[in-house]
Structures are given as C-alpha cells and as structure tokens.
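Listed here are the chains, written in short residue letters.
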Amino acid sequence: MAKRAPKMHNVSPRENLDRAAFIIAFTLGIIGGILLKLAGAHPFVAAGFSAGVLVSYAMVAWVGGRVKIEPEAIGDNCYYLGFLFTLASLSFTLYQMADPTTTGGKPVNIPDVISGFGVALSSTIFGVFLRVLMMQ
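Before going into details, it helps to say that this report is about the structure given with it. Small disclaimer: the values here were computed from a predicted structure and weren't measured.

To continue, consider the overall build of the chain. Within the chain one finds four helices and zero strands. Helices and strands appear in the chain in the N-to-C order α-α-α-α. Burial statistics for the chain: of 136 residues in total, 32% are counted as buried. Here the analysis covers contacts within the chain between residues at least 6 apart in sequence; of these, 71% occur between residues at least 24 apart. Surface exposure of the chain reaches about 8,700 Å², of which carbon and sulfur atoms provide 70%.

With that settled, consider the packing of aromatic side chains. As enumerated under the stated definition, the model contains four aromatic pairs in all. A ring pair is formed by Phe22 and Tyr57, whose centres lie 6.1 Å apart and whose planes are at 85 degrees; its orientation type is edge-to-face. Taken together, the residues span a long stretch of sequence, with Phe22 in helix H1 (residues 13–38) and Tyr57 in helix H2 (residues 43–63) at a distance of 35 residues. Take Phe22 and Tyr57: they sit in the same class, and that class is buried. Between Phe92 and Tyr95, the ring centres sit 6.4 Å apart and the planes meet at 35 degrees, which makes this aromatic pair tilted. Of this pair, Phe92 and Tyr95 both sit in helix H3 (residues 71–98), three residues apart, which is roughly one turn of the helix. Of the residues examined, Phe92 reaches a relative accessible area of 13% and is grouped as buried.

This next bit is on the side chain of Ser123. Turning to its location among the elements, Ser123 is positioned in helix H4 (residues 110–135). Note on Ser123: relative accessible area 2%, which makes it buried. Apart from the residues lying within four places of it in its own chain, the contact partners of Ser123 are Ser50, Leu54, Gly82, Phe85 and Thr86.

With that settled, the discussion passes to H4. The end-to-end C-alpha distance of H4, which contains 26 residues, comes to 38 Å, matching closely the 38 Å that a straight helix rising 1.5 Å per residue would cover. Every buried residue belonging to H4 is among Val113, Gly116, Val119, Ala120, Ser123, Thr124, Gly127, Leu130 and Met134, and all of these are buried.

Bringing the pattern of salt bridges into the picture now. The tally for this structure, following the rule as stated, stands at one salt bridge. In this structure, Asp76 engages Arg131 in a salt bridge whose closest nitrogen and oxygen atoms are separated by 2.7 Å. Of the two residues, Asp76 is situated in helix H3 and Arg131 in helix H4; the sequence distance between them amounts to 55 residues. Overall, the relative accessible area of 22% leaves Asp76 in the partly exposed class.

Criteria and cut-off values
Residues numbered from 1 in each chain as written. Predicted model: local features only at pLDDT ≥ 70, side-chain atom pairs only at ≥ 80, totals over all residues. Heavy atoms only, no water. Helix = DSSP H or I, 4+ residues; strand = E, 2+ residues; numbered from the N terminus. Buried < 20%, exposed > 50% of the residue type's maximum accessible area, 1.4 Å probe, protein only. Contact = heavy atoms within 4.5 Å. Areas by Shrake-Rupley, 256 points an atom, 1.4 Å probe, with all protein chains shown as cover. Phe/Tyr/Trp six-rings, centres within 6.5 Å; stacked < 30°, edge-to-face > 60°. Expected span 1.5 Å × (residues − 1). Salt bridge = Lys/Arg side-chain N within 4 Å of Asp/Glu carboxyl O.

None of the figures reported here should be taken as evidence of function without further support.
Written out as structure tokens, the structure is:
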C-alpha cells in the first residue's frame, strides 16, 4: 500500500504548489505593474507586462511537473489574476489622482488617468481571453 503525502491544513502538497505559483504570479504582477507606472513606462509596456505574467503563469501551470493543474482551473486562475491586476492598477491610478504630491500640485492629467484605466482593463480582457482559450 502506497504511503500518502502528509497534508498541511488539509491541503495536499501539490495544491500548495498550485497556490504558491498563483501567489508568486500575483505578487510579481502587482509589484511590476506599479513599478512600471512609477517609472513612467508607456501604457503598452505595462499592459504587456501584465499579459506576460498571465501567460507565464498559464505556462507554468500547464507544463509544470508537480504544479500542473486542470485547464479549467488554469483558465479560472488567469481570469482571477487579470481581475486582481485590474483592481490593483485602478487603485493605484486613483491613488495618484488623490495624492497632490504625486502630481506636484498640478491638476490631474486626464489622458494619464484614461491610459491608467486602459492598462487596468487590458489585464482583465487578457485574463478572460486565456480563460476562454483554456476552456476550449
């Protein structure tokens, strides 16, 4: 009889790896997106970074040996990650609008706000795209 791997908090070790990959992708996406906005990167660069993190997570989850999970779960996780990136990006854009030290006491530049919202929404759109792709 094969011995089962011990569970921590009623979660198998394989599920812990799934969660760790998700948390790493989340942290990398949020921190990288905010740093790109602070550095003044072009909106396409920030949107591409988010998309790259989502694709990287999907690839690790799809081909990863011990991390590999079902395509439906990968698609759902990509959607959730995209949505979380959107919320973080929107929050940061709104914070920049509300903080007078960020804008140097000048009025808020509306095109910057619109591009910030566009970058935010692009991550959800890409997450939904990956979800639909993984469901096929």
